[in-house]
Amino acid sequence: MEDGRRLHWYGDRCIRCGLCVGICPFDALTLEDGMIKIDHDKCTLCGLCVKGCPVAALAIRPQLEEIARERGVSLEA
Ligand code: SF4
Ligand code: SF4
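A quick note: this is a predicted structure, and the numbers were derived from the prediction, not measured. (Residues numbered from 1 in each chain as written. Chains lettered and ligands numbered in written order. Predicted model: local features only at pLDDT ≥ 70, side-chain atom pairs only at ≥ 80, totals over all residues.)

S.K.: It is not clear to me how the overall build of the chain should be interpreted in this structure. Could you clarify?
M.R.: A tally of regular secondary structure across the chain gives three helices and four strands. Scanning the chain from its N terminus toward the C terminus, one meets helices and strands in the order β-α-β-β-α-β-α. For 77 residues, the compact-globule estimate of 2.2 N^0.38 gives 11 Å, and the chain sits close to it at 12 Å. When its C-alpha atoms are laid out on the principal axes, the chain stretches across 40 × 25 × 20 Å. Within the chain, contacts between residues at least 6 apart in sequence are counted, and of these 61% link residues at least 24 apart. (Helix = DSSP H or I, 4+ residues; strand = E, 2+ residues; numbered from the N terminus. Rg over C-alpha atoms; globule rule 2.2 N^0.38 Å. Contact = placed C-beta atoms within 7 Å.)

S.K.: What am I meant to see in the site of ligand 2 here?
M.R.: Near ligand 2 you find 13 residues, and of these Cys14, Cys17, Cys20, Cys53 and Ala57 are the closest. Of the residues belonging to the shell around ligand 2, the class tally is 11 nonpolar, one polar and one charged. (Near = placed C-beta within 6 Å. Nonpolar A, V, L, I, M, F, W, Y, C, P; charged D, E, K, R; others polar.)

S.K.: Sorry, what's going on with the site of ligand 1 here?
M.R.: Near ligand 1 you find 13 residues, and of these Cys24, Ala28, Cys43, Cys46 and Cys49 are the closest. A per-class count over the shell around ligand 1 returns 11 nonpolar, two polar and no charged.

S.K.: How should I be thinking about the nonpolar core in this particular structure?
M.R.: A general feature of soluble globular proteins is that nonpolar side chains tend to end up buried together. Judged by nonpolar contacts, Leu7, Cys14, Cys20, Cys24, Ala28, Leu29, Ile36, Cys49, Cys53, Ala57 and Leu58 together constitute the single largest core of 11 residues. Leave out the neighbours within four places in its chain, and leucine 29 touches Cys20, Val21, Cys24, Ile36, Ile38 and Cys49. (Core = buried A, V, L, I, M, F, W, Y, C linked by C-beta atoms within 7 Å. Buried ≥ 20, exposed ≤ 12 C-beta atoms within 10 Å, placed from the backbone.)

S.K.: Could you clarify how one ought to interpret the environment of glycine 52 in this entry?
M.R.: Its location among the elements puts glycine 52 in helix H2 (residues 48-52). Residue class for glycine 52 comes out partly exposed when judged on the 14 C-beta atoms lying within 10 Å of it. It is 31 Å that separates the C-alpha atoms of glycine 52 and glutamate 76, two residues lying 24 residues apart in sequence. If we ignore the near neighbours within four places in the chain, the residues touching glycine 52 are Leu19, Cys20 and Ile23.

S.K.: Any chance you could explain the pairing of strand S2 (residues 29-32) here in plain terms?
M.R.: Consecutive side chains of a regular strand alternate in pointing toward one face of the sheet and then the other. Here S2 pairs with strand S3 (residues 35-38) via four bridges, running antiparallel. Looking at the pairing, leucine 29 lines up with isoleucine 38 of S3. A loop of two residues connects S2 with S3, the two strands running antiparallel in sequence, and aspartate 33 in this loop sits at a positive phi of about 55°. (Pairing = 2+ DSSP bridges.)

See below:
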């Protein structure tokens, strides 16, 4: 979804319960090799998985911020 935000998974918080995979109505999440994979083309940013995760390991955040975080780049001046 191209509205400047996207779903992000925090692997350091996730307890691999798999709840979010079952919650997503759009089949955008999979649990593979201990990692939650997000299909950003399928994700509509509905937020259901964010609400359903018991440990706040999913969040919808600005896309630029997330890309920078994943690449280890600081956006701070
Ligand atoms: S935000 Fe909605 S569509 Fe996106 S992965 Fe979570 S439940 Fe699925
Ligand atoms: S619901 Fe949360 S803790 Fe459970 S697998 Fe998904 S992201 Fe991880």
